[in-house]
Amino acid sequence: MSAILMDGKTLGMKVRENVKARVVTLRTNGIIPCLAVVLVGDDAASLSYVVSKEKALAEAGMESRDIRLPQSTSETELLALIAELNKDEKVHGILVQSPVPKQIDEDKVISAIDPKKDVDCFHPLSVGNMILGKPGFLPCTPHGVLVLLKEYKIPVYGSHAVVVGRSHLVGKPLANLLSLKEYNATVTLCHTGTKDLACFTKQADILIVAARNPEFIKPEMIKEGAAVIDVGINRITDPSAKKGYRVCGDVDPAVADKAGFYTPVPGGVGPMTIAMLLQNVAESAEKSL
Ligand code: GUN
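Described below are features of the structure shown in this document. Predicted, not measured: the structure shown is a model, and the values here were computed from it.

## Remarks on the packing of helix α1 (residues 8-28) against helix α6 (residues 140-151)
Then comes step 1: Taken N-terminus to C-terminus, the directions of α1 and α6 make an angle of 105 degrees; their axes are 11 Å apart at the nearest point. The pairing of α1 with α6 is recorded here as roughly perpendicular in orientation. Counted together, Gly8, Leu11 and Lys14 of α1 and Val147, Leu148 and Glu151 of α6 form the full contact between these two elements.
Then comes step 2: Here the residues of the contact of α1 with α6 sort into three nonpolar, one polar and two charged.

Listed below in structure tokens is the structure:
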């Protein structure tokens, strides 16, 4: 059996085309959707992520307020900036790229963002609303996974979804979203404390892996025909690659021979994250219509 590839690149473009049309309507009404993108420090991977986000915003006809702060930025300085952006009516969303330098308490910064502008859905109030199934922004990567599952008509209702990884960014929100009545999956959340991981992953109808561990999910760890969603983005050293590294997921691509559905890395979940971010910014701007 060879799995059906879940093409996040194409689906992400479709979402972005839809956002573009919404931006045209917003602009006709005098509103230019704008996301403040804040990067503190000079981490190379973070810089490449924010540049991709800014490019995508421009392509969708949106504005980005690109803010780069030095590694030495203090928590007080960053909090003052957030307070300013909260007040700025031209700014519809605020994104502080994670992680921030050690001298800054990231939780404090996230809690300082006005939840109305929290397009990442990181604020405790946004997270609470999401867990309760109340209206509000959904976190971008988990939302992207849900949209992919829907597009490929993967039965979620009544399925056994196993999530590997309990990060605030992906695993925890996804496990909570899938257990909402709306999705009604039976959810198992595995993490570093899980004793026999394969025992759980083998039971998954839907296996979602976000564990920052390169290609560690092997074919023998999955059920034949499962939908395997690989959220991992790892850079591993590869002297034969032009950049000296290659990007791979948390799932061994050999899994594709056994799975029913499979997201490639790159080109699976990754492009969905940016698409859902743009959608959240559009949604935030539409509230001022
Ligand atoms: N760092 C890695 N992924 C993300 C994301 O989606 N949003 C923010 N703000 N930081 C990140």
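That shown, we press on.
## Structural notes on empty space enclosed by the protein
Then comes step 1: In the structure shown here, the tally under the stated rule is one cavity of 30 Å³ or more.
Then comes step 2: In this structure, the largest cavity spans a volume of roughly 70 Å³.
Then comes step 3: In this structure, the largest cavity is lined by Ile94, Val96, Gln97, Ser98, Val100, Glu106, Val109, Ile110, Ile113, Asp118, Asp120 and Phe122.
Then comes step 4: Taken together, the elements giving at least two residues each to the lining of the largest cavity come down to β4 (93-96) and α4 (106-112).
Then comes step 5: Considering every element that reaches the lining of the largest cavity, the biggest residue donor is α4, with three residues.
Then comes step 6: By residue class, the composition of the lining of the largest cavity is seven nonpolar, two polar and three charged.

## Structural notes on the environment of Val251
Then comes step 1: Along the chain, the position of Val251 falls in the loop between β10 (245-248) and β11 (261-262).
Then comes step 2: It is 4.6 Å that separates the C-alpha atoms of Val251 and Ile217, two residues lying 34 residues apart in sequence.
Then comes step 3: Once residues lying within four places of it in the same chain are set aside, the contact partners of Val251 are Val209, Glu215, Ile217, Val228, Asp230 and Tyr262.

## Thoughts on the pattern of salt bridges
Side chains that carry opposite charge are capable of pairing whenever their charged atoms lie near each other.
Then comes step 1: The full count for this structure, using the stated rule, is eleven salt bridges.
Then comes step 2: The partner of Lys108 in a salt bridge is Glu75, with the nearest N and O atoms 2.9 Å apart. With Lys108 in helix α4 and Glu75 in helix α3 (residues 75-87), the pair connects residues that are 33 residues apart, well separated along the chain.
Then comes step 3: Note on Lys108: relative accessible area 45%, which makes it partly exposed.
Then comes step 4: In this structure, Asp114 and Lys116 form a salt bridge, with 3.7 Å as the shortest nitrogen-oxygen distance.

## Thoughts on the sheet that holds β11
Then comes step 1: Spatially, β1-β11-β8-β7-β5-β6 is the arrangement adopted by the six strands of the open sheet, whose pairing is parallel. Each edge of the sheet is formed by a strand with only one pairing partner; in this case those strands are β1 (4-5) and β6 (186-190).
Then comes step 2: By the bridge criterion, two bridges tie strand β8 (residues 227-230) to β11 in an arrangement that is parallel. The partner of Ala227 across the bridge, within β11, is Phe261.

Each value, and the rule that gives it
- Residues numbered from 1 in each chain as written.
- Predicted model: local features only at pLDDT ≥ 70, side-chain atom pairs only at ≥ 80, totals over all residues.
- Heavy atoms only, no water.
- Axes fitted to C-alpha atoms, helices over the stretch in contact; angles between N-to-C directions.
- Helix = DSSP H or I, 4+ residues; strand = E, 2+ residues; numbered from the N terminus.
- Parallel < 35°, antiparallel > 145°, perpendicular 65-115°, else oblique.
- Contact = heavy atoms within 4.5 Å.
- Nonpolar A, V, L, I, M, F, W, Y, C, P; charged D, E, K, R; others polar.
- 1 Å grid on protein atoms, 1.4 Å probe; cavity = no way out; pocket = protein on both sides within 12 Å on 5 of 7 lines; lining within 4 Å.
- Points joined across faces, edges and corners; volume = space filled by probe spheres on them.
- Salt bridge = Lys/Arg side-chain N within 4 Å of Asp/Glu carboxyl O.
- Buried < 20%, exposed > 50% of the residue type's maximum accessible area, 1.4 Å probe, protein only.
- Pairing = 2+ DSSP bridges.

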